[in-house]
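Examination of the molecular architecture
Read off the chains here:
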Amino acid sequence: MKDTIILGIETSCDETSVAVVRNGKEILSNLISSQVDIHKKFGGVVPEVASRQHVEVILPIMEEALAQAGVGLHDVDAIAVTYGPGLVGALLIGLSAAKAISYAADIPLIGVHHIAGHIYANRFVQDFDFPLIALVVSGGHTELVWMKEHGAYEVIGGTRDDAVGEAYDKVARSLGLSYPGGPEIDRLASEGKDILSFPRVYLEPESFDFSFSGLKSAVLNRLNQASQKGEELSKADVAASFQAAVVEVLVDKTIRSARERGAKQVLLAGGVAANRALRAELNRACAKEGIPLIIPPASLCTDNAAMIAAAGQILYEKGMFAPLDLNAYPNLKLE
Ligand SMILES: Nc1ncnc2c1ncn2[C@@H]1O[C@H](COP(=O)(O)OP(=O)(O)OP(=O)(O)O)[C@@H](O)[C@H]1O
Ligand SMILES: [Mg+2]
């Protein structure tokens, strides 16, 4: 069978990324221009600044991605682009570039959901075995996604308040760590102990939903209490205790959903999937349960265009192309 070459484009937040992927499984190039250093001084992503930065780098990055892959536009079978969810101004830059090239070079366009992309980062590691459960943990999402086949997503649980990544970033900020806080807490936690007994929030026993705002408040209250009393509180212990509370609930709910529904695989996806404690604990729990686990390498957990191309490959195989008036949807639903 002839190879399929997909050009992936991702600009939903603060990474401009273009990738070339063969048959949805093999990365020929995956260029990422991160704006983290630009947004760092503001303590978070500034949407307007993100859009401007995407405009500046999208075309040079695209040329570089094609050159590195050793392919020309005439080799590209489809352009897969993130059209939501994300920052609308940021999404529009990638989408406009994708549509312009699609029109000019007569290449079919495919619209990809950003979270479908995160899930498909796992396909670079191993092929999927259905049905499966994916734990999606990122800056904006915390979801358990049930998949019976390629491209079919059923969200069986989600966060009722903060996303995990958001909680990590807020706790990190209150500890005086730099943005983005997730990797900082990950590092600090390995030097501390889980001794502060922060709450494990399970909600109703049968629910697959999550809640992290209570935990976040508990951490902030504990920090305030300590500073009022002039008590020395180890930042490493706070990080370790917060992380332990997060990881325990994530792992327990994932394993329970996999067991109850008879999943053949567990997938971990999203920026927080780079977290070392989460990777280790989920690995241990899946091994104990006897369920195969796939985790992407840390470099493919955060936003990148290769994962968008991989998710786009499935839509390509189904012939699900997008019209040239495809719009950006900041709150696009996965299902
Ligand atoms: N090692 C780590 N431990 C914990 N959190 C991490 C780690 N590395 C990255 N993160 C967190 O991952 C988040 C970024 O992930 P990602 O780029 O997928 O989010 P996003 O694209 O902004 O959101 P979404 O994918 O929901 O639209 C940030 O909140 C960051 O702090
Ligand atoms: Mg993301």
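1. Some details on the overall build of the chain
Scanning the chain from N- to C-terminus turns up 11 helices and 10 strands. Against the globule reference of 20 Å for 335 residues, the chain gives a C-alpha radius of gyration of 20 Å, in line with a compact fold. Overall size of the chain, expressed as C-alpha extent along the three principal axes, is 65 × 45 × 30 Å. Residues classed as buried in the chain amount to 56% of the 335 residues present. Here the contacts in the chain between residues at least 6 apart in sequence split such that 73% fall between residues at least 24 apart. Of the roughly 14,100 Å² that the chain leaves accessible, carbon and sulfur atoms contribute 51%. Each charge class in the chain can be summarised by its mean position, and for the 30 positive and 41 negative side chains these summaries are 5 Å apart.

2. Remarks on the site of ligand 1
Within the structure, ligand 1 sits among 19 residues, and Ser138, His141, Asp169, Asp186 and Asp303 are positioned closest to it. One of the side-chain nitrogen or oxygen atoms of His141 is found 2.6 Å away from an oxygen atom of ligand 1. Here ligand 1 has 650 Å² of accessible area as a free molecule, and 88% of this is covered by the chains. Elements that contribute at least two residues to the shell around ligand 1 include exactly helix 4 (114-120), helix 5 (164-174) and helix 6 (181-189). Tallied by class, residues from the shell around ligand 1 come to 6 nonpolar, 10 polar and 3 charged. For the shell around ligand 1, the domains that each give at least three residues are domain 1 (5-119 + 301-317) and domain 2 (128-295).

3. Quick word on the sheet that holds strand 3 (residues 26-34)
Two pairing modes exist for strands in a sheet, parallel and antiparallel, and in both the strands are linked by backbone hydrogen bonds. One open sheet accounts for 5 strands, arranged 3-2-1-4-5; its pairing is mixed. For this open sheet the edge positions go to strand 3 and strand 5 (109-113), each flanked by a neighbour on one side alone. Taking the axes of each pair of neighbouring strands and ignoring which way they run, one obtains an average angle of 20 degrees across the sheet. Pairing of strand 1 (residues 5-10) with strand 4 (residues 78-84), which is carried by 4 bridges, proceeds in the parallel orientation. The partner of Ile6 across the bridge, within strand 4, is Ala78. Together, strand 1, strand 2 (15-22) and strand 3 form the strand contacts of helix 2 (residues 47-69), whose direction differs from that of strand 2 by roughly 20 degrees.

4. Some points on the coordination of the magnesium ion (ligand 2)
When a metal holds four donors in a tetrahedron, each ideal angle between them is 109.5 degrees; when it holds six in an octahedron, the ideal angles are 90 or 180 degrees. Taken together, the protein donors to the magnesium ion (ligand 2) comprise His114 (NE2), His118 (NE2) and Asp303 (OD), at separations of 2.1 to 2.2 Å. Considering all 6 donor atoms around the magnesium ion (ligand 2), angles at the metal cover 79 to 176 degrees and the coordination shape is octahedral. In primary-sequence terms, the residues that donate to the magnesium ion (ligand 2) follow H-x3-H-x184-D. Note that His114 and His118 are positioned in helix 4 at a spacing of 4 residues, about one turn of the helix. Residue His114 shares its accessibility class with His118, and that shared class is buried.

5. Remarks on the packing of helix 2 against helix 3 (residues 88-105)
Here helix 2 crosses helix 3 at 30 degrees, and the two axes come no closer than 9 Å. Taken together, the axis directions place helix 2 and helix 3 in an arrangement best described as roughly parallel. Between helix 2 and helix 3 lies a crossing of right-handed hand. Residues Ser51, His54, Val55, Ile58 and Met62 of helix 2 form the contact with helix 3, whose own contacting residues are Gly89, Ala90, Ile93, Gly94, Ala97 and Ile101.

6. Some remarks on the pattern of salt bridges
Where charged atoms from two side chains of opposite charge come close, those side chains can pair. Counted by the stated rule, this structure contains 21 salt bridges. Here Lys2 makes a salt bridge to Asp77, at a shortest N to O gap of 3.0 Å. With a gap of 75 residues between them, Lys2 in the segment before strand 1 and Asp77 in the loop between helix 2 and strand 4 connect regions that are remote in the sequence. A residue is classified by how much of its surface remains accessible, and Lys2, at 62% relative accessible area, is exposed. The salt bridge involving Lys25 is made with Asp127; its shortest N-O contact spans 3.0 Å. Pair noted here: Lys25 is in the loop between strand 2 and strand 3 and Asp127 is in the loop between helix 4 and strand 6 (132-137), with a separation of 102 residues, a long-range link.

7. Considerations on the domain arrangement of the chain
Each assigned domain of the chain is listed here: domain 1 (5-119 + 301-317) and domain 2 (128-295). Here the C-alpha centre of domain 2 lies 27 Å away from the C-alpha centre of domain 1. Opposite the 14 residues of domain 1 that make contact, domain 2 presents 22 residues. In this assembly, domain 1 packs against domain 2 so that about 1,300 Å² is buried in total across both faces, 75% of it on carbon and sulfur atoms. Area buried by domain 1 at its contact with domain 2 is led by Ile115, Ile119 and Cys301, which between them contribute 43% of it. Our count for the domain 1 to domain 2 interface comes out at 0 salt bridges.

8. Brief notes about the sheet that holds strand 9 (residues 265-269)
Reading across from one edge, 8-7-6-9-10 is the order of the 5 strands in this open sheet, with mixed pairing throughout. The two strands at the open ends of the sheet, each matched to only one other strand, are strand 8 (154-158) and strand 10 (293-294). Here strand 6 pairs with strand 7 (residues 142-147) via 6 bridges, running antiparallel. For Leu135, the partnering residue across the bridge sits in strand 7 and is Leu144. The strands that helix 8 (residues 235-261) touches are strand 6, strand 7, strand 8 and strand 9; relative to strand 6, the one it contacts most, it runs at about 160 degrees. Across the sheet, helix 9 (residues 276-289) lies against strand 6, strand 9 and strand 10, angled at about 175 degrees from strand 9, the strand it touches most.

So, how was this worked out
Residues numbered from 1 in each chain as written. Chains lettered and ligands numbered in written order. Predicted model: local features only at pLDDT ≥ 70, side-chain atom pairs only at ≥ 80, totals over all residues. Heavy atoms only, no water. Helix = DSSP H or I, 4+ residues; strand = E, 2+ residues; numbered from the N terminus. Rg over C-alpha atoms; globule rule 2.2 N^0.38 Å. Buried < 20%, exposed > 50% of the residue type's maximum accessible area, 1.4 Å probe, protein only. Contact = heavy atoms within 4.5 Å. Areas by Shrake-Rupley, 256 points an atom, 1.4 Å probe, with all protein chains shown as cover. Lys, Arg positive; Asp, Glu negative; His and termini not counted. Charge placed at Lys NZ, Arg CZ, Asp CG, Glu CD. Near = heavy atom within 4 Å. Polar contact = N/O pair within 3.5 Å; in protein donor to acceptor, adjacent residues only side chain to side chain. Nonpolar A, V, L, I, M, F, W, Y, C, P; charged D, E, K, R; others polar. Domains from an automatic or database assignment. Pairing = 2+ DSSP bridges. Axes fitted to C-alpha atoms, helices over the stretch in contact; angles between N-to-C directions. Donors = N, O, S within 2.8 Å, 3.2 Å for Na, K, Ca; no water. Tetrahedral: all angles 85-135°; square planar, octahedral: opposite > 155°, others 65-115°. Parallel < 35°, antiparallel > 145°, perpendicular 65-115°, else oblique. Left-handed = near helix turned anticlockwise from the far one by under 90°. Salt bridge = Lys/Arg side-chain N within 4 Å of Asp/Glu carboxyl O. Buried area = accessible area lost by both parts, 1.4 Å probe.

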